[in-house]
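Chains, contacts and geometry: an overview
Residue-level listing of the chains:
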Amino acid sequence: MYEELVAELVAEAQRDEEVVGVLLTGSVARGDALAGTDVDLRVILADGVSRPALHEVRGGVPVEWGYADERGAREALEKTPMHVYAYLDGRILHDPAGVLSRLRQQAVERFAGYEVSEVERAQVAANLRYPAEKIRVAVAGGDLLKAAFVASTTSWFLIEGLWAANDRPLPPNSSVRPHLRDLAGPPDVESLYGELFLADAERRVEVALFLSDWILGQLGEGRPAV
């Protein structure tokens, strides 16, 4: 549904003398976009050129333009590991000088060699340890509503924990689900992810505790991994 619009946007970018690369990112690039999803384009500019990000609407479709020169894009990859997913998932649509091919290779290497720092591991563990105990106290006291509330408000910490426990860079919110496939554990993680958000309250609480214990175990904290 986006092919014609994307082609128009790329043709427009190609006419810009300062543009040396265009990368389509996000769900449109992956092919799992829903109707109404925005189009994300990462544009590489000539060395030393910079522009602010641009948001616009074309034919009723939101379009997000992000800009950087090659040096800026490389620095962003090193500073913010989440950026690797733009290149891993993205479709190179314009790259006459091979700039995006080089950036993609850097992203592949960054992803393969990624390790979570000890400081990050400690923070992830702290973010999960205390909510897990609150859930257990609520369950023991027969307060399912409180237990489910804490499980819900802890859900993003669980997502952060899953990637940290697998030594993988955390993906953007919208890329979490498709990148569950990158995780080595726990077993059936995709099913657990679905239950965490769609099961009944009692099961969501059980899954939250299971994931907390598994993550803390992998990080060497708290209860042993199951």
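See above for the structure.
This report concerns the structure included in the present document. Quick caveat, the model's predicted, so the values are computed rather than measured.

Each helix and strand in the protein chain was counted, giving 10 helices and 5 strands. Considering only C-alpha atoms, the protein chain reaches an extent of 65 × 40 × 30 Å along its principal axes. A buried classification covers 43% of the 226 residues belonging to the protein chain. The contacts of the protein chain with a sequence gap of at least 6 include a subset with a gap of at least 24, amounting to 61%. Carbon and sulfur atoms make up 52% of the accessible area of the protein chain, which totals about 11,800 Å². Treating the 23 positive side-chain charges of the protein chain as one cloud and the 36 negative ones as another, the clouds have centres 3 Å apart.

To continue, consider helix H5 (residues 99-112). The end-to-end C-alpha distance of H5 is 20 Å, a good match for the 20 Å that 14 residues give at a rise of 1.5 Å each. When we look at burial in H5, the residues that qualify are Val99, Leu100, Leu103, Gln106, Ala107 and Phe111. For H5, the arc enclosing every buried residue in end-on projection is 130°, short of the 170-degree limit, so these residues lie on one face. Contact partners of the buried residues in H5: strand E1 (19-25), strand E2 (39-45), helix H3 (70-79), helix H4 (84-89) and strand E5 (91-94).

Summarising the sheet, strand E3 (residues 54-58) and strand E4 (residues 61-69) pair through 5 bridges and their orientation is antiparallel. Of the residues in E4, the one forming a bridge with Arg58 is Val61. Connecting E3 to the antiparallel partner E4 that follows it, the hairpin turn spans 2 residues, and Gly59 within it adopts a positive phi of roughly 60°.

Our next topic: the pairing of E4. Two elements, E2 and E4, share 7 bridges in a ladder whose sense is parallel. Bridged to Val39 within E4 is Val63.

Quick look at the sheet that holds E4 now. Within a sheet, adjacent strands bond to each other through the backbone by hydrogen bonds, running parallel or antiparallel. Read across the open sheet, the 5 strands follow the order E3-E4-E2-E1-E5; overall the sheet is mixed. In this open sheet, the two strands that pair with only one neighbour each are E3 and E5. Strand-to-strand twist of the sheet, defined as the mean angle between neighbouring strand axes without regard to direction, takes the value 30°.

Another aspect to go through is the packing of helix H6 (residues 118-140) against helix H8 (residues 155-165). The contact between H6 and H8 brings their axes to 10 Å, and the two run at 145°. Judged by the sense of rotation from one axis to the other, the crossing of H6 with H8 is left-handed. For the pair H6 and H8, contact is made by Arg121, Val124, Asn127 and Leu128 and by Phe157, Leu158, Glu160, Gly161 and Ala164, respectively. A class-by-class count of the residues in the contact of H6 with H8 yields 5 nonpolar, 2 polar and 2 charged.

About the thresholds
- Residues numbered from 1 in each chain as written.
- Predicted model: local features only at pLDDT ≥ 70, side-chain atom pairs only at ≥ 80, totals over all residues.
- Heavy atoms only, no water.
- Helix = DSSP H or I, 4+ residues; strand = E, 2+ residues; numbered from the N terminus.
- Buried < 20%, exposed > 50% of the residue type's maximum accessible area, 1.4 Å probe, protein only.
- Contact = heavy atoms within 4.5 Å.
- Areas by Shrake-Rupley, 256 points an atom, 1.4 Å probe, with all protein chains shown as cover.
- Lys, Arg positive; Asp, Glu negative; His and termini not counted.
- Charge placed at Lys NZ, Arg CZ, Asp CG, Glu CD.
- Expected span 1.5 Å × (residues − 1).
- Arc of directions from axis to C-beta.
- Pairing = 2+ DSSP bridges.
- Axes fitted to C-alpha atoms, helices over the stretch in contact; angles between N-to-C directions.
- Left-handed = near helix turned anticlockwise from the far one by under 90°.
- Nonpolar A, V, L, I, M, F, W, Y, C, P; charged D, E, K, R; others polar.

All quantities given are derived from atomic positions and should not be read as evidence of function.
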